[in-house]
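Examining the three-dimensional arrangement
As a plain string of letters, each chain reads:
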Amino acid sequence: MVNIYPTMLNMEVAEAMHRSYGSIIGRAQVLGLKKDPAYINEMLMKEAQKLKKLGEAYRYKPGNVSYNKGKSMNAATKDKLSHTFFAPGHQPWNHKQLGHERLTKDGYLMVKLRDRHYVLKHKWIWESENGRVPAGYALKFIDGNPLNCVLGNLRLISFEENMANNSIHNLPEDLKEVIRLKNKINRICDAKEQD
């Protein structure tokens, strides 16, 4: 079983060993056997090809036209279903008005300027007053609070200056040592996960 399990389907292993499917799974678990990653990839590719072939029979071919294209609903059917239609100008229950603000996962405010279009609020405020942010530059919150999006709290800085401000070299020596140790631990943990 140890030799054939990694590169055969469980059902095939069960048939070859004259055992039940469940007993093969249980024994593999006890022995800590795993399927070979190359074999798994090969099986996934075969399965994907099968599904693709199966799906092709049900897809619209180029040039096919829907059976009801250009046909209007007859009056009786339209009358029967009219109560299910959205009224003209209908908005869904979760529609947000222009000017709606939301918070990104990184903690920045975004504002809705038109339907399905949000922009970063601090960038929009800066650009409406000063024009586009030049390439190679970023906006920095002077007080460090990304929710304080007033123009007086925004400063244009180069990427180089931003990197220097966020560098470990500006920190106290004992804090630098803690950061280096943390990074070393992370590298060791990553290396062990890959083994």
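Check the entry above for the structure.
As a starting point, this report considers the structure included with it.

What counts and how
Residues numbered from 1 in each chain as written. Predicted model: local features only at pLDDT ≥ 70, side-chain atom pairs only at ≥ 80, totals over all residues. Heavy atoms only, no water. Helix = DSSP H or I, 4+ residues; strand = E, 2+ residues; numbered from the N terminus. Rg over C-alpha atoms; globule rule 2.2 N^0.38 Å. Contact = heavy atoms within 4.5 Å. Areas by Shrake-Rupley, 256 points an atom, 1.4 Å probe, with all protein chains shown as cover. Lys, Arg positive; Asp, Glu negative; His and termini not counted. Charge placed at Lys NZ, Arg CZ, Asp CG, Glu CD. Salt bridge = Lys/Arg side-chain N within 4 Å of Asp/Glu carboxyl O. Buried < 20%, exposed > 50% of the residue type's maximum accessible area, 1.4 Å probe, protein only. Phe/Tyr/Trp six-rings, centres within 6.5 Å; stacked < 30°, edge-to-face > 60°. Lys NZ or Arg CZ within 6 Å of the ring centre and 35° of its normal. Arc of directions from axis to C-beta.

Further remarks concern the overall build of the protein chain. Helices and strands together make up the secondary structure of the protein chain, namely seven helices and five strands. Across the protein chain, helices and strands are ordered from the amino to the carboxyl terminus as α-α-α-α-β-β-β-α-β-β-α-α. For the protein chain, the C-alpha radius of gyration of 31 Å lies well beyond 16 Å, the compact-globule estimate for 195 residues. A sequence separation of at least 24 residues applies to 25% of the contacts in the protein chain between residues at least 6 apart. Looking at the protein chain as shown, the accessible area adds up to about 16,000 Å², and 56% of this sits on carbon and sulfur atoms. Looking at the protein chain, you have 31 positive and 21 negative side-chain charges, and the mean spots of the two groups are 8 Å apart.

Let us now look at the pattern of salt bridges. This structure, assessed with the given rule, holds seven salt bridges. With a closest N to O distance of 3.5 Å, Lys 112 and Asp 115 form a salt bridge. Assessed through its relative accessible area of 6%, Lys 112 is described here as buried. Across the salt bridge formed by Arg 155 and Glu 161, the nearest N and O atoms sit 3.3 Å from each other. Residue Arg 155 is classed as partly exposed on the basis of its relative accessible area of 34%. Since its relative accessible area comes to 32%, Glu 161 is described here as partly exposed. Within the structure, one salt-bridge network assembled from shared partners comprises Glu 173, Lys 176 and Arg 180.

This next bit is on the packing of aromatic side chains. By the definition in use, this model includes one aromatic pair. The side chain of Lys 35 reaches across the aromatic face of Tyr 5, ending 3.8 Å from its centre.

This part is about helix α5 (residues 121-130). Burial in α5 covers these residues: Lys 121, His 122, Ile 125 and Trp 126. One side of α5 holds all its buried residues, which, seen down the axis, span an arc of 135°. Along its buried surface, α5 packs onto β1 (101-103), β2 (109-114), β3 (117-120), β4 (137-141) and β5 (154-158).

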